[in-house]
Each structure stands twice: as C-alpha cells, then as structure tokens.
Amino acid sequence: MTVAFKMRGVVVAAALLLATADVAEAGPDLGNWRVDAASDGQVTASLYASNKLITGGGALGYSPVLTLTCRTVGEPRWSEWLQLNDAVSASRKITMSVMVDGGSKFDESWSVGPRGKLLVRDGDDGIKRLVSASRLLLSWRFGLLAGRGEADFDLAGLSEAVGQMAATCNTDPP
C-alpha cells in the first residue's frame, strides 16, 4: 500500500466522523437567526434584513439588524431592537409602521437608543405576534426631510430561536 492511499483512507474516515458528529448534534432549524447568551444574563436572537438601506451619498448599503432579547437576571424582560447604521433625528420616541405577513399596517411607538442608531420596543407582546409569522416589514422616518427607512425580515426559524432563548432565560416563550 502506498502512503497516498493510506492518507486518503484517513481523510475519508475523518470526513465521515465529522459528518456523523454534525448530524448527532443537529439542533432546531433556526433559519438565519443567530442566538447568543452574554455573561450579563442577556440572551439575544439576531437577524439581518433581506433588503439593504443606502447610506449618505448612496455609495454604500447595509442591512438593518432585528434583535430580540430576553434577560435572565430577575424577572425576564423581552425586547425588540432594530440596529441601524444611519441615525434617526428623533431623540426619545419614534413611530414605527409595522406589517406582519402582508396584513394591515399599524403604528407603534419605539424608543430611540444611543446616538439614534438603535430603536427599541420593550415587552413580549411584539415578539408574541411574530412567533407564528413568516415575514415582518418595519418602516420609519429618519427625520422630517431625510426620508423613510424600511426593513424586510424573513422570520423562518423564529419560533425555534424564541424557544431556545426562553429555555436559556428560564421562562416561557411569549
């Protein structure tokens, strides 16, 4: 037997071992959601929008990020965050237009976070309506003359992500 033939056998065996390990540890299908637990007791599930927003002069684009959070410390608290690269001109509250699964649009009040680049809505009711949904469209004004932003999210895997978050937060899913 040649050395090359023996090495090929070792490589094939290693590949099979890795493949079976991946199958054995396969968890729920989270779609494109990324679930993380921080040392401060916060658990997050994040998802990039399927569309891009054009920044400033139109040369660059980015996808807003929707993040759902749960805190493990004390009473679990659920929140939704929308992270932007461009700041909104509002300082405390902003009106967000929301459409779930192509239904009717409705307005909600979201808080404006640090430097106007984070929009926040506290409470589990917003997450509760999304768990069984497949699509979320958020729309907001950057300012009086600055135009509107819109973020479209494919929510595949959200139910599994929220279940994983709730388990880590030691609470029931919303």
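Small disclaimer: the values here were computed from a predicted structure and weren't measured.

What about unusual backbone geometry?
Here is step 1: If you check the backbone angles, arginine 115 has positive phi at about 55° while not being a glycine.
Here is step 2: Here arginine 115 lies in the loop between strand S8 (106-112) and strand S9 (118-122).
Here is step 3: On the basis of relative accessible area, arginine 115 is assigned to the exposed category, the value being 72%.

A look at the confidence of the model for the chain
Do not read the fine detail of predicted coordinates wherever pLDDT is low.
Here is step 1: Taken over all residues, the pLDDT of the chain has a mean of 83, while the share at 70 or more is 81%.
Here is step 2: Predicted confidence for residues 3-25 stays below pLDDT 50, and this span has one contact to residues more than four positions away or in other chains.

Looking at the side chain of threonine 44
Here is step 1: Looking at where threonine 44 falls in the secondary structure, it is placed in strand S2 (residues 42-48).
Here is step 2: A relative accessible area of 14% means that threonine 44 is categorised as buried.
Here is step 3: Apart from the residues within four sequence positions on either side, threonine 44 is in contact with Arg34, Val35, Asp36, Thr67, Leu68, Thr69 and Met165.

Section: helix H3 (residues 158-169)
Turn by turn, an α-helix covers 3.6 residues, leaving residues three or four places apart pointing in a common direction.
Here is step 1: Between its first and last C-alpha atoms H3 spans 16 Å; for 12 residues at 1.5 Å apiece the expected length is 16 Å, and the two agree.
Here is step 2: Considered for burial, the residues of H3 that qualify are Leu158, Ala161, Val162, Met165, Ala166 and Cys169. Along the long axis of H3, the arc covered by the buried residues comes to 135°, so they all point the same way.
Here is step 3: Looking one or two residues beyond H3, the residue adopting positive phi is asparagine 170, at roughly 60°.

Concerning the pattern of salt bridges
Between side chains of opposite charge, a pair can form as their charged atoms come close.
Here is step 1: A complete count under the given rule lists seven salt bridges for this structure.
Here is step 2: Between aspartate 36 and arginine 34 there is a salt bridge, and its shortest N-O distance comes to 3.1 Å.
Here is step 3: The partner of glutamate 80 in a salt bridge is arginine 121, with the nearest N and O atoms 3.5 Å apart. Separated by 41 residues along the polypeptide, glutamate 80 in strand S6 (residues 78-83) and arginine 121 in strand S9 bring together distant segments of the chain. This pair shows no difference in class: glutamate 80 is buried, exactly as arginine 121 is.
Here is step 4: Because the salt bridges share partners, they merge into one network encompassing Glu80, Glu108, Arg121, Asp125 and Arg129.

Observations concerning the packing of aromatic side chains
Here is step 1: Taken as a whole and judged by the stated rule, the model has one aromatic pair.
Here is step 2: Seen in terms of ring centroids, tryptophan 140 and phenylalanine 142 are 5.8 Å apart; in terms of plane orientation they differ by 70°. Their pairing is edge-to-face. Each member of the pair, tryptophan 140 as well as phenylalanine 142, carries the same accessibility label: buried.

Brief notes about the nonpolar core
Here is step 1: Counting residues in hydrophobic clusters, the biggest one holds 39 residues, and the most contacted among them are Trp33, Leu119, Leu138, Trp140 and Phe153.
Here is step 2: Take this core: its biggest share by element is six residues, from H3.
Here is step 3: Not counting chain neighbours up to four residues away, the residues in contact with tryptophan 33 comprise Ala45, Ser46, Leu47, Leu66, Leu68, Leu155, Ala156, Gly157, Leu158 and Ala161.

Cut-offs used in this document
Residues numbered from 1 in each chain as written. Predicted model: local features only at pLDDT ≥ 70, side-chain atom pairs only at ≥ 80, totals over all residues. Heavy atoms only, no water. Helix = DSSP H or I, 4+ residues; strand = E, 2+ residues; numbered from the N terminus. Buried < 20%, exposed > 50% of the residue type's maximum accessible area, 1.4 Å probe, protein only. pLDDT = per-residue confidence, 0-100. Contact = heavy atoms within 4.5 Å. Expected span 1.5 Å × (residues − 1). Arc of directions from axis to C-beta. Salt bridge = Lys/Arg side-chain N within 4 Å of Asp/Glu carboxyl O. Phe/Tyr/Trp six-rings, centres within 6.5 Å; stacked < 30°, edge-to-face > 60°. Core = buried A, V, L, I, M, F, W, Y, C linked by side-chain atoms within 4.5 Å.

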